[in-house]
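The residues making up each chain are set out below.
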Amino acid sequence: MSSIISSRSRRIERSEIFEMLARAQDYDDVINFGVGQPHFNTPEEITDYAFDQAKKGYTHYTVNAGDIKVRRAIAQKLQSENDIEADPVSEIIITVGAIEALFLALMVLVESGDEVLLQDPSWVNYEAQVKLMGADPVRVPVKEENNFALRAEDIERRISENSRVLMINSPNNPTGGAIEKSELLKIAELAHENDLMLLTDETYEKFCYDIEHFSPGSLRKYRDNIISIFSFSKVYAMTGWRVGFAAGPAEIIKEMIKVHDSVGLCTPSVSQAAAYKALQVDDEVVEEMASTYRKNRELLVEGINSIDGFSCIYPRGTFYAFVNVKDVSQNSLELARDMLDREQVVTVAGSSFGEAGEGFLRFSYANSRENIEEGLERIKNYSRNYLD
Ligand SMILES: Cc1ncc(COP(=O)(O)O)c(C=O)c1O
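Definitions and limits used
- Residues numbered from 1 in each chain as written.
- Predicted model: local features only at pLDDT ≥ 70, side-chain atom pairs only at ≥ 80, totals over all residues.
- Heavy atoms only, no water.
- Helix = DSSP H or I, 4+ residues; strand = E, 2+ residues; numbered from the N terminus.
- Rg over C-alpha atoms; globule rule 2.2 N^0.38 Å.
- Contact = heavy atoms within 4.5 Å.
- Buried < 20%, exposed > 50% of the residue type's maximum accessible area, 1.4 Å probe, protein only.
- Pairing = 2+ DSSP bridges.
- Right-handed = clockwise from strand over helix to strand, strands pointing away.
- Expected span 1.5 Å × (residues − 1).
- Arc of directions from axis to C-beta.
- Near = heavy atom within 4 Å.
- Polar contact = N/O pair within 3.5 Å; in protein donor to acceptor, adjacent residues only side chain to side chain.
- Areas by Shrake-Rupley, 256 points an atom, 1.4 Å probe, with all protein chains shown as cover.
- Nonpolar A, V, L, I, M, F, W, Y, C, P; charged D, E, K, R; others polar.
- Domains from an automatic or database assignment.
- Buried area = accessible area lost by both parts, 1.4 Å probe.
- Salt bridge = Lys/Arg side-chain N within 4 Å of Asp/Glu carboxyl O.
- UniProt positions renumbered as here; feature names shortened; annotations may be inferred.

**Let's talk about the overall build of the chain**
Tallying secondary structure elements over the chain gives 13 helices and twelve strands in all. Since a compact globule built from 388 residues should have a radius of gyration of about 21 Å, the 21 Å found for the chain is in line with a globular shape. Principal axes of the C-alpha set define a box for the chain whose edges measure 60 × 55 × 50 Å. Considering only residue pairs separated by 6 or more positions, the chain has 75% of its internal contacts joining residues 24 or more positions apart.

**A few points about the pairing of strand E3 (residues 115-120)**
A regular strand carries its side chains on alternate faces of the sheet. By the criterion of burial, E3 is predominantly enclosed, with six of the six residues buried. In the sheet, E3 pairs with strand E4 (residues 136-141) via six bridges, with the strands oriented parallel. In the strand pairing of E4, Glu-115 is matched with Asp-136. Between the parallel elements E3 and E4, the chain passes through helix H6 (residues 124-132) in a crossover that is right-handed.

**Some details on helix H3 (residues 44-55)**
The terminal C-alpha atoms of H3 lie 16 Å apart, and with twelve residues this matches the ideal 16 Å at 1.5 Å per residue to within 8%. Residues Ile-46, Thr-47, Tyr-49, Ala-50 and Gln-53 constitute the buried set of H3. Projected down its long axis, H3 carries its buried residues within an arc of 165°, all on one side. The outward face of H3, more than 90 degrees from its buried face, is lined by the exposed residues Glu-44 and Lys-55. Where H3 is buried, its residues contact helix H4 (68-82) and helix H10 (269-278). Directly beyond the C-terminal end of H3, a positive phi value near 105° is found at Gly-57.

**Some points on the site of the ligand**
Around the ligand sit 13 residues in total, of which Ala-98, Asp-201, Ser-231, Ser-233 and Lys-234 are the nearest. One of the backbone nitrogen or oxygen atoms of Ala-98 is found 2.7 Å away from an oxygen atom of the ligand. A distance of 2.7 Å separates an oxygen atom of the ligand from a polar atom in the side chain of Lys-234. Contact with the protein chains covers 94% of the free accessible surface of the ligand, which is 400 Å². Ranked by the residues each element gives to the shell around the ligand, the list is headed by helix H5 (residues 97-109), at three residues. Residues of the shell around the ligand, tallied by class, amount to four nonpolar, six polar and three charged.

**Focus: the domain arrangement of the chain**
Each assigned domain of the chain is listed here: domain 1 (7-42 + 284-386) and domain 2 (44-278). One C-alpha centre belongs to domain 1, the other to domain 2; they are set 25 Å apart. Counting from both sides, the interface comprises 37 residues of domain 1 and, opposite them, 43 residues of domain 2. Across the interface of domain 1 and domain 2, roughly 3,400 Å² is buried in total on both sides, 59% from carbon and sulfur atoms. Contact with domain 2 buries surface across domain 1, with Arg-11, Thr-42 and Arg-316 losing the most and accounting together for 26% of the total. Asp-210 is paired through a salt bridge with Arg-294; the nearest N and O atoms lie 3.7 Å apart. Inspection of the region where domain 1 meets domain 2 yields 23 residue pairs in polar contact (both at pLDDT 80 or more). At the level of elements, helix H1 (7-10), helix H11 (283-305), strand E9 (320-324) and strand E12 (360-364) are the ones that each hand at least two residues to the side of domain 1 that touches domain 2.

**Notes on the UniProt feature "domain: Aminotransferase class I/classII large" (unreviewed entry) in the chain**
Summarizing the sequence annotation, UniProt attributes the feature "domain: Aminotransferase class I/classII large" (unreviewed entry) to residues 29-379 in the numbering used throughout. Taken end to end, residues 29-379 comprises 39% helix and 15% strand; its first and last C-alpha atoms sit 14 Å apart.

**Some remarks on the sheet that holds strand E11 (residues 348-349)**
Strand order across the open sheet formed by three strands is E9-E12-E11, with antiparallel pairing between neighbours. Of all the strands in the sheet, just E9 and E11 have a single pairing partner and so form its edges.

Written out as structure tokens, the structure is:
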């Protein structure tokens, strides 16, 4: 008998991250390095403004593309911070997180059987979304010795006549790697020469360490080939509000708005109000969070490197560290489960993000210093007691 569930849905599986988080619920005293979100609450002035707007009646649908006032504020941000020129009327859409922007872009750009190039390892939802479109992900591995930065020459080797889209994400989840401007220029040129649409996911743009963030969307000569995707989730500690946006060629944004209308109609108005306020808060609010992550990064990396069998390079962005465990395990999923069962420390197996992630564990250091210190202590015990 044929399945009642579509083959499209059956093409994807639930992420192992959720399995780990569900497993963690069996324990009381867990140190969680697994969750990919800020440990800060949304800055109060943002929440206050949004609630106030809602109380005043800003509770209705907005137009599909998002409130024009918010789109105008986004256009200004793109101009002043990213050097991206985007017309707020025709070249910007506000979405339910960056995740919806990515989904809409793929819906509009790829056919079944097309190939989408993406990094290995990469955020789990990339591959899931590509598969839901009926398209095929083609993985481009990154290496620890290159600071996990994607390279144009490695992408080039995997381009075929079926390639349609190239998805990049710098700074990167899960590796914490970031791509240098000079390499991003080569990648944008490569996409242009090969008629690939470049989806650049800049969700973590403001969490860069020892490297300056660069937006490929600022390259005017390639603007017809680039969709820039941003999120309020991580930068402003607003994961639960679900707001992101995309900027790109009017012809594509128009199609994305059409699909968005059939998926969610519009991004919740109260969340759009919060996003509007977020764009006005003092830079210091975000800088303070970034500074905490930078300090946590040092604490975690130095701590990990002092433990037998574990090693870690300094991530150049985000709040993730990709910890090398090849000396102690060939199976990162088993190791992650065992560390949870024995020491109640949650991490995510690198293999969850793609084959090239095997031999690594992803740690999020968006956590309190006390928790990071306690977690490191437990891993030290684990290494001493359970590893040869
Ligand atoms: C690389 C990357 N892109 C996009 C997202 C989704 O962000 P949003 O909450 O805006 O949908 C995430 C969330 O973890 C992410 O890591």
